[in-house]
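# Report on the structure
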Amino acid sequence: MKSELEQDILKVLITEDQLKARVQELGDAIYDRLEGKNPLFLGVLKGSFVFMADLVRACQLRSNVEFIAVSSYEDATVSSGRAKINYDIQRSVEGRDIVVVEDILDSGNTLSFLCGYLKSRGAASLTVVTLLDKPARREKAITADLAGFTVPDAFVVGYGLDFAQRYRNLPYIGVLKPAVYEKKEP
């Protein structure tokens, strides 16, 4: 496979095959939890879009899909600690069973903010699903109901996760070389 992005990857942490197998397991678990309900899958943009597409296909429930953009990172490598909504949900969540789909649970700032926001808007239940869990960086007391993989405190990209809007299209999760994100662009 040709890729000009691969030169920036220190190592592959989670392969494409591992991702596929684990996403199917998560889809099955969500099906078991919410069978007979009509959940609203809520993808946290932009990082969750690849994971969410695969997860919704893996979970064969009658459901709706919606997106929200909440950020506490912007183009930085660490959370600012302040979450803000950049793009809001376009439908009511009142009385709905919400499956929040996140790419990575890191500091917990974004997810903590989002869960409070959804509860205040009347969600009946929240199931938080994250592809990656990075507990070493946690600042808020929040956990995912379902997590794909626990990852070390390294800067990871691929399968939707980015650095400065790049690397989302890698088919695996890789550790980005520090020289890439430590560079000062002119």
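For the structure given in this document, a descriptive report is provided here. (Residues numbered from 1 in each chain as written. Predicted model: local features only at pLDDT ≥ 70, side-chain atom pairs only at ≥ 80, totals over all residues. Heavy atoms only, no water.)

### A closer look at helix H2 (residues 49–58)
What counts is decided by this rule: A simple rule labels every residue: compare its accessible area, found with a 1.4 Å probe on the protein chains alone, to the largest value its type can have, and call it buried under 20%, exposed over 50%, or partly exposed in between. Only DSSP runs of H or I with at least four residues qualify as helices, and only runs of E with at least two residues qualify as strands; both kinds are numbered from the N terminus onward. Arc definition: directions from the helix axis to the C-beta atoms. Residues count as neighbours in contact if any of their non-hydrogen atoms are within 4.5 Å of one another.
Among the residues of H2, Phe51, Met52, Leu55 and Ala58 are the ones counted as buried. Viewed end-on, H2 has its buried residues packed into an arc of 125°, placing them on one side of the element. In the core, the buried residues of H2 are packed alongside helix H1 (16–34), strand S2 (40–45), strand S3 (64–71), strand S5 (97–105) and strand S6 (125–133).

### Details of the nonpolar core
A general feature of soluble globular proteins is that nonpolar side chains tend to end up buried together. This is how the line gets drawn: The term nonpolar core refers to a set of buried residues drawn from Ala, Val, Leu, Ile, Met, Phe, Trp, Tyr and Cys, joined through side-chain atoms within 4.5 Å.
Grouped together as the largest cluster of nonpolar side chains are 28 residues, with contacts concentrated most on Ile30, Phe51, Leu55, Leu131, Leu132 and Ile173. Elements supplying a minimum of two residues to this core: H1, H2, S5, S6, strand S7 (146–150) and strand S9 (173–176). A per-element tally of this core places H1 first, with five residues. Among all residues touching Leu132, those that are not within four sequence positions of it are Ile14, Asp103, Ile104, Leu105, Phe149, Val151, Val156, Leu161 and Ile173. Among the nonpolar cores identified, the runner-up in size contains 19 residues, and Leu105, Cys115, Tyr117 and Ala144 belong to it.

### Some remarks on the environment of Ile30
Along the chain, Ile30 turns up in helix H1. With residues up to four places along the chain from it excluded, the contact list for Ile30 reads Phe41, Leu55, Cys59, Leu61, Val99, Val129 and Leu146.

### A word on the pattern of salt bridges
The condition that has to hold: For this analysis, a salt bridge means a side-chain nitrogen from Lys or Arg found within 4 Å of a carboxyl oxygen belonging to Asp or Glu.
Per the stated rule, a full pass over the model turns up eight salt bridges. For the salt bridge of Arg22 with Glu25, the shortest nitrogen-to-oxygen distance reads 2.9 Å. Of the two residues, Arg22 and Glu25 both sit in helix H1, three residues apart, roughly one turn of that helix. Classification of Glu25 by relative accessible area gives partly exposed; the value is 45%. In this structure, the salt-bridge partner of Glu66 is Arg91, at a minimum N-O distance of 3.3 Å. Within this pair, whereas Glu66 is found in strand S3, its partner Arg91 is found in the loop between strand S4 (84–87) and S5, the two being separated by 25 residues in sequence. Classification of Glu66 as buried rests on a relative accessible area of 8%.

### What to know about the packing of aromatic side chains
Operational definition: Side-chain rings of Phe, Tyr and Trp (the six-membered ring for Trp) are treated as a pair once their centres are within 6.5 Å; stacked means planes under 30 degrees apart, edge-to-face means over 60, and tilted covers the remaining angles.
The final tally for this structure, using the stated rule, is four aromatic pairs. For the pair Phe155 and Phe163, a centre-to-centre distance of 5.6 Å together with 90° between the ring planes defines the contact as edge-to-face. With relative accessibility at 16%, the residue Phe155 sits in the buried group.

### So, the sheet that holds S4
So the rule is basically this: Two strands are said to pair when DSSP picks up at least two bridges between them. The convention used is that axes are lines fitted to C-alpha atoms, helices contributing only their stretch in contact, and that angles between N-to-C directions extend from 0 to 180 degrees.
Read across the sheet, six strands follow the order S4-S3-S2-S5-S6-S7 without closing on themselves; strand pairing throughout is mixed. Either end of the sheet is taken by a strand with one partner, and the two such strands are S4 and S7. This sheet shows a mean twist of 30° between the axes of neighbouring strands, independent of strand direction. Where S3 lies against S4, three bridges are found, and the strand directions are antiparallel. Bridge pairing links Ser71 to Lys84 in S4. Sheet strands touched by H1: S2, S5, S6 and S7. Its angle to S7, the strand with the most contacts, is close to 160°. Running over the sheet, H2 touches S2, S3, S5 and S6 and is turned about 165° from S2.

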